[in-house]
Amino acid sequence: MPPKVSVIVPNYNHARYLKARIGSILNQTFQDFELILLDDCSTDNSAELLNNCRNNPHVSHIELNEQNSGSAFRQWEKGIQLAQGKYIWIAESDDKAENRFLERAVEALEKHPEAQLCLTGSHLIDTCGNPLHSSEFDQWDEDGRIYEYSSLQYLRKKLLNQNTVYNASMVLFRRKNCLKDITPAYKKMRYCGDWLFWIEQARKGNVVEIHQKLNFFRKHPDNTTNQGTREGNSIPEMISIRKYFYQHVLPPQCCTDIVIDKALLYGHIKHLPISAERRKELLLSLKKELNINWLDYLIGKWIRSLLKHKKSADAQIL
């Protein structure tokens, strides 16, 4: 019998976190899983630590690359292709989990057969494991309840403007056909490949959220995503994802969402703390790739303001 869950740990130079990461997996209350350990040619002692796990009955594969693949997302795909479970958990090598993560996430997907993804909340921790406090993530009450969204609803409200699936370790998803008919562009991205991957998964079915913090997401101050955001280097990938979203994901009746999103993207670039020359370069790229200009920004802001006013008026009438 294949395992219910395939847990994939893609690692690169996270030896200092591996003991805690693997320990939090092995200590799950739900034990029907295989463990797939991947290393992308680390230069620390990660390979030694992973090899020490070979005799663990949960471990089905240990794959040590002799050459760096250049992409964490290629490692994701490699792990998925090795997996045999009904569900996939990409457990990032520097994160941890509460011991009921799998129990609750498996239960949620079993009870919601139309769902492709199950998300939980996350405790934020720093490089030393100390708690961080931020209102940037998990903007909901931690009531422990499960909320289900249709595929289109989640795409429109939670994945169009930003990547609300901000950490792979917080997600359990169905393996069957998860790589079928999805764009391979995510594997070539440096900053936003995870966003595009989760968009493609959300297209395959509904999404459930468990409003409980069952994951520990380690935030590094100088990681690739933060650098890309601060310096504007992630903008070309964001433009590429928006283009794909507008042309292939949203149906024609979502035209208002697109108009508002164009304004938000223009405004995001407009307010980036970068040089005027760099901002001009990015806005020209926006014009070239998506035909978005200053007028689109004004129209989108106006429509968004009207909708907010209408929503407020409707609430007062109720």
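Please refer to the structure placed before this passage.
Residues numbered from 1 in each chain as written. Predicted model: local features only at pLDDT ≥ 70, side-chain atom pairs only at ≥ 80, totals over all residues. Heavy atoms only, no water.

Chemist: Can you lay out the packing of aromatic side chains for me, pointing to particular residues and giving the numbers?
Modeler: Inspection of every chain in the model, using the stated rule, returns 16 aromatic pairs. When the ring of Phe73 is compared with that of Tyr186, the centres are 6.4 Å apart and the planes differ by 65 degrees; the resulting orientation is edge-to-face. In this pair, Phe73 is assigned in helix α3 (residues 72-82) and Tyr186 in the loop between β9 (171-174) and α6 (193-202), connecting sequence segments 113 residues apart. Both residues of the pair, Phe73 and Tyr186, belong to the buried class. (Phe/Tyr/Trp six-rings, centres within 6.5 Å; stacked < 30°, edge-to-face > 60°. Helix = DSSP H or I, 4+ residues; strand = E, 2+ residues; numbered from the N terminus. Buried < 20%, exposed > 50% of the residue type's maximum accessible area, 1.4 Å probe, protein only.)

Chemist: I'd like a description of the environment of Ala105, backed by residues and values.
Modeler: Take Ala105: it is sitting in helix α4 (residues 101-111). Taking the C-alpha atoms as reference points, Ala105 and Leu119, 14 residues apart in sequence, are found 7.6 Å from one another. The residues touching Ala105, leaving out its near neighbours within four places in the chain, are Cys118, Leu172 and Ile210. (Contact = heavy atoms within 4.5 Å.)

Chemist: Now, about the pattern of salt bridges: what can you tell me, with residues and values included?
Modeler: Under the definition given, this model contains twelve salt bridges. With its nearest N and O atoms 3.2 Å apart, the salt bridge here joins Asp138 to Lys213. Here Asp138, found in the loop between β7 (131-132) and β8 (146-149), pairs with Lys213, found in strand β10 (residues 206-218); they are 75 residues apart in sequence, far enough to count as distant. Overall, Asp138 belongs to the buried group, its relative accessible area being 14%. Overall, Lys213 belongs to the partly exposed group, its relative accessible area being 23%. The partner of Glu289 in a salt bridge is Lys243, with the nearest N and O atoms 3.2 Å apart. With a gap of 46 residues between them, Glu289 in helix α10 (residues 276-290) and Lys243 in helix α8 (residues 235-249) connect regions that are remote in the sequence. Three or more residues joined by partner-sharing salt bridges are found here, namely Lys4, Lys86 and Glu110. (Salt bridge = Lys/Arg side-chain N within 4 Å of Asp/Glu carboxyl O.)

Chemist: Tell me about the nonpolar core, residues and numbers included.
Modeler: Soluble globular proteins tend to bury their nonpolar side chains together. Leu159, Phe173, Trp198, Phe245 and Leu286 are the most contacted members of the largest nonpolar core, which has 61 residues in total. Considering every element that reaches this core, the biggest residue donor is α8, with eight residues. Look past the residues within four positions of Leu286 in its chain and what remains in contact with it is Ile239, Leu265, Tyr266, Ile269, Asn291 and Ile292. In this structure, Leu37, Ala105, Ala115 and Leu214 belong to the second largest nonpolar core, which totals 30 residues. (Core = buried A, V, L, I, M, F, W, Y, C linked by side-chain atoms within 4.5 Å.)

Chemist: Kindly report on the environment of Gln201, identifying the contributing residues and their values.
Modeler: Along the chain, Gln201 turns up in helix α6. Sequence separation of Gln201 and Gln81 is 120 residues, and the distance between their C-alpha atoms is 16 Å. Apart from residues no more than four positions distant in its own chain, Gln201 is found in contact with Gln116, Leu117, Phe173, Cys178 and Ile182. Engagement of the side chain of Gln201 in a polar contact is seen with the side chain of Gln116, the distance being 2.9 Å. Within polar-contact distance, the side chain of Gln201 engages the backbone oxygen of Cys178 at 2.8 Å. (Polar contact = N/O pair within 3.5 Å; in protein donor to acceptor, adjacent residues only side chain to side chain.)

Chemist: Tell me what's going on with α10, and back it up with residues and numbers.
Modeler: Here α10 contains 15 residues, and its C-alpha end-to-end distance of 21 Å stays within 8% of the 21 Å for a straight helix at 1.5 Å per residue. Regarding α10, the residues found buried are Arg278, Arg279, Leu282, Leu283, Leu286 and Leu290. Summarising the axial view, the buried residues of α10 lie within an arc of 135 degrees, below the 170-degree limit, and thus occupy one face. Looking at α10, the residues exposed on the side facing more than 90 degrees away from the buried face are Glu277, Lys280, Leu284 and Lys288. With its phi angle positive at about 55 degrees, Asn291 sits one or two positions after the end of α10. (Expected span 1.5 Å × (residues − 1). Arc of directions from axis to C-beta.)

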